[in-house]
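The primary structure of each chain is shown beneath.
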Amino acid sequence: MPRATSGRFSRAHQPSVKSAAASSSTKNHSANEGTSTGVRNPIFNTERFGQHILKNPQIAQTIVDKANLRPTDKVLEVGPGTGNLTVKILEKAKNVTAVEMDPRMAAELTKRVQGKPEQRKLDIIIGDFVKADLPYFDVCISNTPYQISSPLVFRLLSHRPIFRVAILMFQREFAMRLVAQPGTELWSRLSANVQLYSKVDLVMHVGKNNFRPAPQVESSVVRLVPLDPPPPIKFEEFDGLGRIIFSRRNKMVHATFMAKGVIEMLEQNWRTWCSTQNKMIDDSINMKAKVEEVLSSSGYSEQRAAKMTLDDLLKLLSAFHDEGIHFA
């Protein structure tokens, strides 16, 4: 392993040799896209890790520019690869912490800045972003390993203290689900969960030919700005409601709640809530009727999840809570 760029160069959660093949699928533009049809990367056999390196310097510069970096900013970069984005971030930021799964990529990035002023500004963590201990950061920039797209988003949104902005590249379909609006084909539980806690918008599309080797899917870049302060909504509750109604997003909400197992789960949750609140449990409770009454009185019984806005979802959640019915 080459000399570290700083004292914080570490092997966070380094996988074993046996698990390397399994963990390699979490690299950039990963193997769930299918085998790449592009030429093999001339520096590394990146197909082993399912990685596709951003090669277009103009795209890299645009991503960095969209972050509106300040000279005092500390930046977290996820999946730096060989550093095509990193070197441009280092030009504008005070410090960059890069989290890289592949030790070979980390070694290449180390060599790229060695002996230069930027060397003092770069810290590298080798390991899995999902498990790594993250430092304080103002901005996150990521050419995201596709298989950790969802965990990355929610880890960022739960990070404290709250960061200012994230500029993130994802597989296009995932990115479009993040920015989808109610009533559109891609509006989903993911869309609602992310938009409850952040403002997210599309920055640009990035064609597959901007990577080496070219992946089989297109990419898109989004800007994610967490709400500060975040809404006082327990995520597990909101997500629990979404998990039910978006399971059949084009069905009426009443039919979705009448699906097998839902009423039983809600009754169990209600009994647990009563116990924690020291309320007497009525064994004759008719949970089905109770749920139907909430849906009817709130006006959402005949609604479809595909068309429900964030406000609709929050009002429905509040109506259930008023009756002691919880989702987590």
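Each remark here, short or long, concerns the structure printed above.
Below or above, wherever it landed, is the structure these notes cover.

Thresholds applied
- Residues numbered from 1 in each chain as written.
- Predicted model: local features only at pLDDT ≥ 70, side-chain atom pairs only at ≥ 80, totals over all residues.
- Heavy atoms only, no water.
- Helix = DSSP H or I, 4+ residues; strand = E, 2+ residues; numbered from the N terminus.
- Expected span 1.5 Å × (residues − 1).
- Buried < 20%, exposed > 50% of the residue type's maximum accessible area, 1.4 Å probe, protein only.
- Arc of directions from axis to C-beta.
- Contact = heavy atoms within 4.5 Å.
- Phe/Tyr/Trp six-rings, centres within 6.5 Å; stacked < 30°, edge-to-face > 60°.
- Axes fitted to C-alpha atoms, helices over the stretch in contact; angles between N-to-C directions.
- Parallel < 35°, antiparallel > 145°, perpendicular 65-115°, else oblique.
- Left-handed = near helix turned anticlockwise from the far one by under 90°.
- Nonpolar A, V, L, I, M, F, W, Y, C, P; charged D, E, K, R; others polar.

## Some details on helix H10 (residues 262-276)
With 15 residues, H10 should reach 21 Å at 1.5 Å per residue; the first-to-last C-alpha distance of 21 Å fits that figure. Of the residues making up H10, those classed as buried are Val 262, Ile 263, Leu 266, Asn 269, Trp 270 and Cys 274. For H10, the buried positions fall inside an angular range of 140 degrees around the axis, keeping them on one side. Residues of H10 that are exposed and point more than 90 degrees away from the buried face comprise Glu 264, Gln 268 and Thr 276. Packing partners of the buried residues in H10 comprise helix H8 (235-245), helix H9 (253-257) and helix H11 (287-298). Backbone geometry just after H10 places Asn 278 at a positive phi near 55 degrees.

## Considerations on the packing of aromatic side chains
Evaluated as defined, the whole model comprises 8 aromatic pairs. Measuring from centroid to centroid gives 5.7 Å for Phe 154 and Phe 235, while their planes differ by 45 degrees, and the two rings are tilted. Of this pair, Phe 154 sits in helix H5 (residues 149-158) while Phe 235 sits in helix H8, placing them 81 residues apart in sequence. Where Phe 257 meets Phe 327, the ring centres are 6.4 Å apart and the plane angle is 70 degrees; that geometry is what we call edge-to-face. Taken together, the positions of Phe 257 in helix H9 and Phe 327 in the segment after helix H12 (310-322) put the pair 70 residues apart, joining distant regions of the chain.

## Details of the packing of H5 against helix H7 (residues 189-197)
Across the interface, H5 lies against H7 with an axial gap of 10 Å and an inter-helix angle of 25 degrees. The orientation of H5 relative to H7 falls into the category roughly parallel. At the point where H5 passes H7, the crossing takes the left-handed sense. Every residue of H7 that contacts H5 at Ser 150, Val 153, Phe 154 and Leu 157 is listed here: Leu 190, Asn 193, Val 194 and Tyr 197. Looking at side-chain class alone, the contact of H5 with H7 contains 6 nonpolar, 2 polar and no charged residues.

## Comments concerning the packing of H7 against H12
Running from amino to carboxyl end, H7 crosses H12 at an angle of 90 degrees, the nearest separation of the two axes being 10 Å. For the element pair H7 / H12, the angle class is roughly perpendicular. Between H7 and H12, the residues in contact are Ala 192, Gln 195 and Leu 196 and Leu 310, Leu 313 and Leu 314, respectively. Of the residues contributing to the contact of H7 with H12, the split by class is 5 nonpolar, 1 polar and no charged.

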